[in-house]
Amino acid sequence: MAIDKEKSVQLSNEVLGEVRIADSVVANIALLAAKETEGVFDTVGNAANEIMTKVGVKSASKGVRVEIIDSVVSIDLALIMQYGYNIPNTCKKVQDKVKNSIENMTGLEVSDVRIRIAGINIQ
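Below is a short write-up of the structure. This structure is a prediction, so every number in the text was calculated from the model and none was measured. (Residues numbered from 1 in each chain as written. Predicted model: local features only at pLDDT ≥ 70, side-chain atom pairs only at ≥ 80, totals over all residues. Heavy atoms only, no water.)

1. Overview of the pattern of salt bridges
What the rule picks out here adds up to eight salt bridges. Here E67 makes a salt bridge to R65, at a shortest N to O gap of 3.6 Å. A relative accessible area of 33% places E67 in the partly exposed class. D112 is the salt-bridge partner of R114, the closest N and O atoms lying 2.1 Å from each other. Assessed through its relative accessible area of 25%, D112 is described here as partly exposed. (Salt bridge = Lys/Arg side-chain N within 4 Å of Asp/Glu carboxyl O. Buried < 20%, exposed > 50% of the residue type's maximum accessible area, 1.4 Å probe, protein only.)

Structure (structure tokens):
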């Protein structure tokens, strides 16, 4: 089973079976929620993501780091903001949207959403 190779969290072990959510799924939820927020231009990937993309491995979760410990999620996001938007207000909206999206879709608790502004898009 491919999911064993990737880090995941087990939500339940009931009579019908177990539910496992891969870290990459949580990262993708965070990424999509951040990108849907007005004032966010894009996310920034790290060097490993850029190399993997060049060799053909698609990584939709660029700029997102997820840590899950005992069903509690911690998120790190690197964002490029759109010029003209209030950075603190936009970051608060991103934090709220990411937290709500992850908690509603997965049932996991989000402890924190840390944001690093990596750039400003002026076009």
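From this point, the narrative continues.
2. What about the side chain of S74?
In this fold, S74 is placed in strand β5 (residues 72-82). Side-chain polar atoms of S74 contact the side chain of D112, separated by 2.9 Å. The residues touching S74, leaving out its near neighbours within four places in the chain, are R65, V66, E67, S111, D112 and R114. (Helix = DSSP H or I, 4+ residues; strand = E, 2+ residues; numbered from the N terminus. Polar contact = N/O pair within 3.5 Å; in protein donor to acceptor, adjacent residues only side chain to side chain. Contact = heavy atoms within 4.5 Å.)

3. A look at the side chain of T43
Relative to the elements of secondary structure, T43 occurs in strand β3 (residues 40-43). Not counting chain neighbours up to four residues away, the residues in contact with T43 comprise L31, K35, K62, G63, A78 and L79.

4. Comments concerning the pairing of strand β4 (residues 64-69)
Alternating positions in β4 separate cleanly, V64, V66 and I68 being buried on one face and R65, E67 and I69 remaining unburied on the opposite face. Sheet topology places β4 next to β5; six bridges connect them, and they run antiparallel. Note on β5: the bridge partner recorded for I69 is V72. Connecting β4 to the next strand, β5, in antiparallel fashion are two residues, including D70 with a positive phi near 50 degrees. (Pairing = 2+ DSSP bridges.)

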